[in-house]
Amino acid sequence: MAADASSKITTKLERAKAEGRVWWSFEYFPPRTPQGLQNLYDRIERMAKLGPEFVDITWNAGGRTSDLTSSLVRTVHAYFGLETCMHLTCTNMPRSKIEVALREAKDHGCRNLLALRGDPPAGGSQWEPTAAGFSHAYELVQYIREHYGDYFTIAVAGFPEGHPEEVDGPEVELQRLKAKIDAGADFIFTQMFYDFDIFADWVRRVRAAGITVPIVPGVMPIQNYGGFTRAIARFRTKVPQYFHDALDPVKEDDEAVRAVGTRLVGDMCRRMLDTKDLEISGLHIYTMNLERGSRMLLEYLGLTPTVNPPLPWKPSLTPKRREEGIRPIFWANRAKSYVNRTEGWDEFPNGRWGDARSPAYGDVDTHGAQLRFSPEDAHALWGTPETIEDLRRLFERFCAGELSSLPWSDAPVAKETKVIDQMLVQLNRRGYLTINSQPPVDGARSDDPVHGWGPKNGYVYQKAYLEFFVSPPQLDALLQRIEAHPQITYHAVNAQGDMRTNTTSDAPNAVTWGCFPHCEILQPTIVESISFLAWKDEAYEIGRSWANLYPEGSASRALLHEVFDTYFLVNVVHNDFKQDLAIFEPFLDADLPQIEKLQVGATRAA
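In this text, all values refer to a predicted model and were calculated from it rather than measured experimentally.

Visitor: Looking at this structure, I do not really get the overall build of the chain. What am I missing?
Guide: What the chain contains, in helices and strands, is 20 helices and 19 strands. Across the 606 residues of the chain, 53% fall into the buried class. Accessible area of the chain: about 26700 Å², with a carbon and sulfur share of 49%.

Dropping the structure here:
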């Protein structure tokens, strides 16, 4: 597959400039502990919703955290769908080690690097070159260009307040910055600063020296007073007196420090963005792996994510998945598990999610089915269900937005679920334990805040879909009623693999599609028999894993094992997307006035 230039930061910056919009990015560093790393993954996933153009992953001096950096890059690409920029330093890095890092970055789909000389290693007071390594960042830039051509976009560091080790003066430092650009660097990240005037003067001197590449200012939110003072001491940052005048009176109050700090840093950012001759169109936020300060800064500046996600699910950016355009709907609530399970499947031809003819297709990956909940987490979230009524109530509460997750759902219910949430509550009260659903959509605009996705000025459509567990007697009665609804197709399978369906073809059934200017019809979400059978192994394994979180011999464990040993997993599609809530009729035939009442409420909600 040809390299996609749209994944390069320079291309993103050019596009943002052409569209006249401000962009932003986040920087993270690899934590020191496994628990810290897991928490960082959760935080990056949440902060992805803030709309960064890319994220930047640091590299410890000497590559001490190089494995973690590489792992972070891979995970962010594969599971969170965010473009990355990976740091690479010269400190304690022979060329052989640098080559490994570059090869892994390319294998993971990373196309952006920040080439640094680096800080002295831990315990060292002065920087020293490594045998068979590089002494200057420009040499690293030259090496990357020599061996990888223009595959990577390369950033370098700039120091508005002067490099802390520079003794020859600002003109020599400018010459060294220009040497990095002349070696092939594409843009500049600046060290953090808090003095606008120092930054503006430096940018103008850089431009006067003939350096024309984009300059990206690095800004650090003020999270608390202690962190602020440590950061300015570490980086020898010059702070205007008015910062101290505003922060010192409230330094004992963390909430007040955040509020005042957000205003101070936010006003500085506005000046940068509004000063035309500086040509600053984006901000690089040093998060320090914290979320709230970055969120508050973006809110203060009125910067919100752009709409129109390219697909109704977050694309994975590993090389073989970048063009992936179709996924089975069954994994909609467990996207990371889907990516993990299908990683070994042979093909992704024409953007399709997998090849059913592959001998690796459908292989049970028990890692993908494992729950991320401890027994304590499970008890806190779901209590100790001991009867079917207890179980139904849990599923009702999730559909009503009262529970943050179920074992089959990594996140709370989606926005569009609110359109049918009362219908789902009714289904669960009747014993249909729903784990996935979507309402029908008949031509919503692609920028619709609930249903929208895809390129601008398009329209999106989808068929009503339900997926649930149900007891065999209830399934028999339901399928008899479905016979009176020819627009409905279904698949039902139990844990032993006994399959029932009224479909007459193994071909995929598109349940989500979109029509956009100058595009073919996109069909990103499908239902098909063979992928449903692959999913059912995971779905039942999740249920059994949930049961095993409770003590052996307990009523909760016995109940859950009984349910997932005997209940059927069912998916239902209503193929007429113009029929509002008709998919619910076979489930609630005994209570048609209730359907009519809920249809009115759902129409108002939509």
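From this point, the narrative continues.
Visitor: Please explain the pairing of strand S13 (residues 459-462) as it appears in this structure.
Guide: Working note: regular strand, side chains alternate between the two faces of the sheet. Looking at chain direction, strand S12 (residues 441-445) and S13 are connected through 4 bridges and run antiparallel. For alanine 444, the partnering residue across the bridge sits in S13 and is valine 460. Direction of pairing for S13 relative to strand S17 (residues 509-515): antiparallel, over a ladder of 4 bridges. Residue tyrosine 459 lies in a different strand from S17, and its bridge partner there is cysteine 515.

Visitor: I would appreciate a short explanation of the sheet that holds strand S15 (residues 488-493) in the present structure.
Guide: Sheet strands pair via backbone hydrogen bonds, and the direction of the pair is either parallel or antiparallel. Reading across the sheet, the 5 strands line up as S11-S14-S19-S15-S16 and stay open at both edges, with antiparallel pairing between neighbours. Pairing within the sheet leaves two strands with one partner each, and these edge strands are strand S11 (433-438) and strand S16 (499-501). Averaged over neighbouring strand pairs, the angle between their axes works out to 10 degrees when direction is ignored.

Visitor: It is not clear to me how the sheet that holds S12 should be interpreted in this structure. Could you clarify?
Guide: With mixed pairing, the 5 strands of this open sheet are ordered in space as S10-S18-S17-S13-S12. Where the open sheet ends on each side, the last strands, each with one partner, are strand S10 (327-328) and S12. Relative to strand S18 (residues 522-527), S17 runs antiparallel, the two sharing 4 bridges. The residue bridging alanine 510 from the neighbouring strand is isoleucine 526, located in S18.

Visitor: What am I meant to see in helix H8 (residues 225-234) here?
Guide: One turn of an α-helix holds 3.6 residues; hence residues three or four places apart share an orientation. The complete set of buried residues in H8 reads Tyr225, Phe228, Ala231 and Ile232. Seen along its axis, H8 keeps its buried residues to an arc of 130 degrees; they face one direction. Pointing more than 90 degrees away from the buried face of H8 are the exposed residues Arg230, Ala233 and Arg234. Taken together, the buried residues of H8 touch helix H9 (241-247) and helix H10 (254-274). The N-capping residue of H8, defined by a side-chain oxygen 3.4 Å from the backbone nitrogen of glycine 226, is asparagine 224. Looking at the residues trailing H8, positive phi occurs at arginine 236, about 55 degrees.

Calculation criteria
- Residues numbered from 1 in each chain as written.
- Predicted model: local features only at pLDDT ≥ 70, side-chain atom pairs only at ≥ 80, totals over all residues.
- Heavy atoms only, no water.
- Helix = DSSP H or I, 4+ residues; strand = E, 2+ residues; numbered from the N terminus.
- Buried < 20%, exposed > 50% of the residue type's maximum accessible area, 1.4 Å probe, protein only.
- Areas by Shrake-Rupley, 256 points an atom, 1.4 Å probe, with all protein chains shown as cover.
- Pairing = 2+ DSSP bridges.
- Axes fitted to C-alpha atoms, helices over the stretch in contact; angles between N-to-C directions.
- Arc of directions from axis to C-beta.
- Contact = heavy atoms within 4.5 Å.
- Polar contact = N/O pair within 3.5 Å; in protein donor to acceptor, adjacent residues only side chain to side chain.

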